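Coordinate inspection notes
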Amino acid sequence: MSNPQLIMYDEEFKQINVVLEKLLREANAKVIFLVDKNGQLITGCGETERFDTTSLASLTAGNIAATGGLAKLIGEKEFSILFHEGEKDNLHISIVAGRVILVVLFDTRSSLGLVRLRVKKASEELTAIFNRLLQKNEEKEKSGDSEFPFAEITDDDIDNLFS
């Protein structure tokens, strides 16, 4: 089951960033990224300048896809939470609203228990935002109020333009 492409509106984008900033503080994390399942970075907060965000986003999505394959092999739908422990830094990766990936990087200033607790609360808030966003997208689509300025242009229009 693939998720339809969502248009991100400024209002929801700001709400998402508020949730991530709060999570960053409350989980005592170093950095947080929100990535779509295609590997595109949606947003991030914290010490983001230290990272190649494009690579991090695509590798995270690949990690989710790979573990999804493992899950299916053992009869699970997916592994909704992944944890990678390093010498200095740790990664907590979770699927939110079935469509985006929340990545929390933290070190010894925090703990896995605290991160999991705070991520659970933030995930509920993010799920509500994404559900509203999906509803908003569906309403715009039904009303024909397209956000794509060239949606009504056909292939024939393009051919006529260049002939």
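Keep in mind it's a predicted model, so treat the numbers as computed, not measured. (Residues numbered from 1 in each chain as written. Predicted model: local features only at pLDDT ≥ 70, side-chain atom pairs only at ≥ 80, totals over all residues. Heavy atoms only, no water.)

1. Some thoughts on the overall build of the protein
Inclusion rule: We count a stretch as a helix when DSSP gives it H or I for four or more residues in a row; a strand needs E for two or more, and each element gets its number in order from the N terminus. It only takes one pair of heavy atoms within 4.5 Å for two residues to be counted as in contact. Using the Shrake-Rupley algorithm and a 1.4 Å probe, accessible areas are obtained, with residue cover drawn only from the displayed protein chains. Working convention for charge: Lys and Arg count positive, Asp and Glu count negative, and His plus the chain ends are omitted. Where a charge lies is defined by one atom per residue type: Lys uses NZ, Arg uses CZ, Asp uses CG and Glu uses CD.
Scanning the protein from N- to C-terminus turns up 4 helices and 5 strands. Counted from the first residue to the last, the protein has its helices and strands arranged as α-β-β-α-β-β-β-α-α. Based on the C-alpha atoms only, the size of the protein along its principal axes is roughly 65 × 35 × 30 Å. Put simply, 54% of the contacts in the protein that link residues at least 6 apart link residues at least 24 apart. Accessible area for the protein stands at about 10,200 Å²; split by element, carbon and sulfur atoms hold 53% of it. Averaging the positions of the 19 positive and the 27 negative side-chain charges in the protein gives two centres separated by 10 Å.

2. Things to note about the environment of Val104
Condition: Buried means the residue's accessible area, taken with a 1.4 Å probe over protein chains only, is under 20% of the maximum for its type, while exposed means over 50%, and partly exposed covers the values in between.
Structurally, Val104 is set in strand S5 (residues 100–106). Judged by relative accessible area, which is 0%, Val104 ranks as buried. The spacing of Val104 and Leu82 is 22 residues in sequence and 11 Å in space, taken between C-alpha atoms. Leave out the neighbours within four places in its chain, and Val104 touches Leu23, Ala29, Val31, Ile32, Asn90, Leu91, His92, Val115 and Val119.

3. Focus on the pairing of strand S3 (residues 81–85)
Note the threshold: DSSP-based pairing: two strands are paired if at least 2 bridges between them are found.
For S3 and strand S4 (residues 90–96), the ladder comprises 5 bridges, and the chain directions are antiparallel. Bridging from a neighbouring strand, Glu85 pairs with Asn90 of S4. The hairpin turn running from S3 into S4, its antiparallel successor, is 4 residues long.

4. Remarks on helix H2 (residues 53–73)
Threshold: Helix span is expected to be 1.5 Å times the residue number reduced by one. The directions from the helix axis to the C-beta atoms are what the arc is built from.
Under the 1.5 Å per step criterion, the end-to-end length of H2 is 30 Å for 21 residues, consistent within 8% with the ideal 30 Å. For H2, every residue scored as buried is listed here: Leu56, Ala57, Thr60, Ala61, Ile64, Thr67, Gly68 and Ala71. Taken down its axis, H2 places every buried residue within 130 degrees of arc, on the same side. The exposed set on the far side of H2, more than 90 degrees from its buried face, consists of Thr54, Leu59, Ala65, Leu70 and Leu73. For H2, the secondary structure elements touched by its buried residues are strand S1 (31–36), strand S2 (41–46), S3, S4 and S5. Looking at the residues trailing H2, positive phi occurs at Gly75, about 90 degrees.

5. Points about the packing of helix H1 (residues 10–26) against helix H3 (residues 112–143)
Put simply, the rule is: Orientation is described by lines fitted to C-alpha atoms, with helices fitted over the stretch in contact, and by angles between N-to-C directions that extend from 0 to 180 degrees. Oblique is the label for any angle not under 35 degrees, not over 145, and not in the 65 to 115 range, which are roughly parallel, roughly antiparallel and roughly perpendicular in turn.
Put simply, H1 and H3 touch, their axes get as near as 10 Å, and they point 175 degrees apart. With respect to each other, H1 and H3 are oriented roughly antiparallel. Here Glu11, Glu12, Gln15, Ile16, Val19, Leu20, Lys22, Leu23 and Glu26 of H1 lie close against H3, whose contacting residues are Leu114, Arg118, Val119, Ala122, Glu125, Leu126, Ile129, Phe130, Arg132, Leu133 and Lys136.

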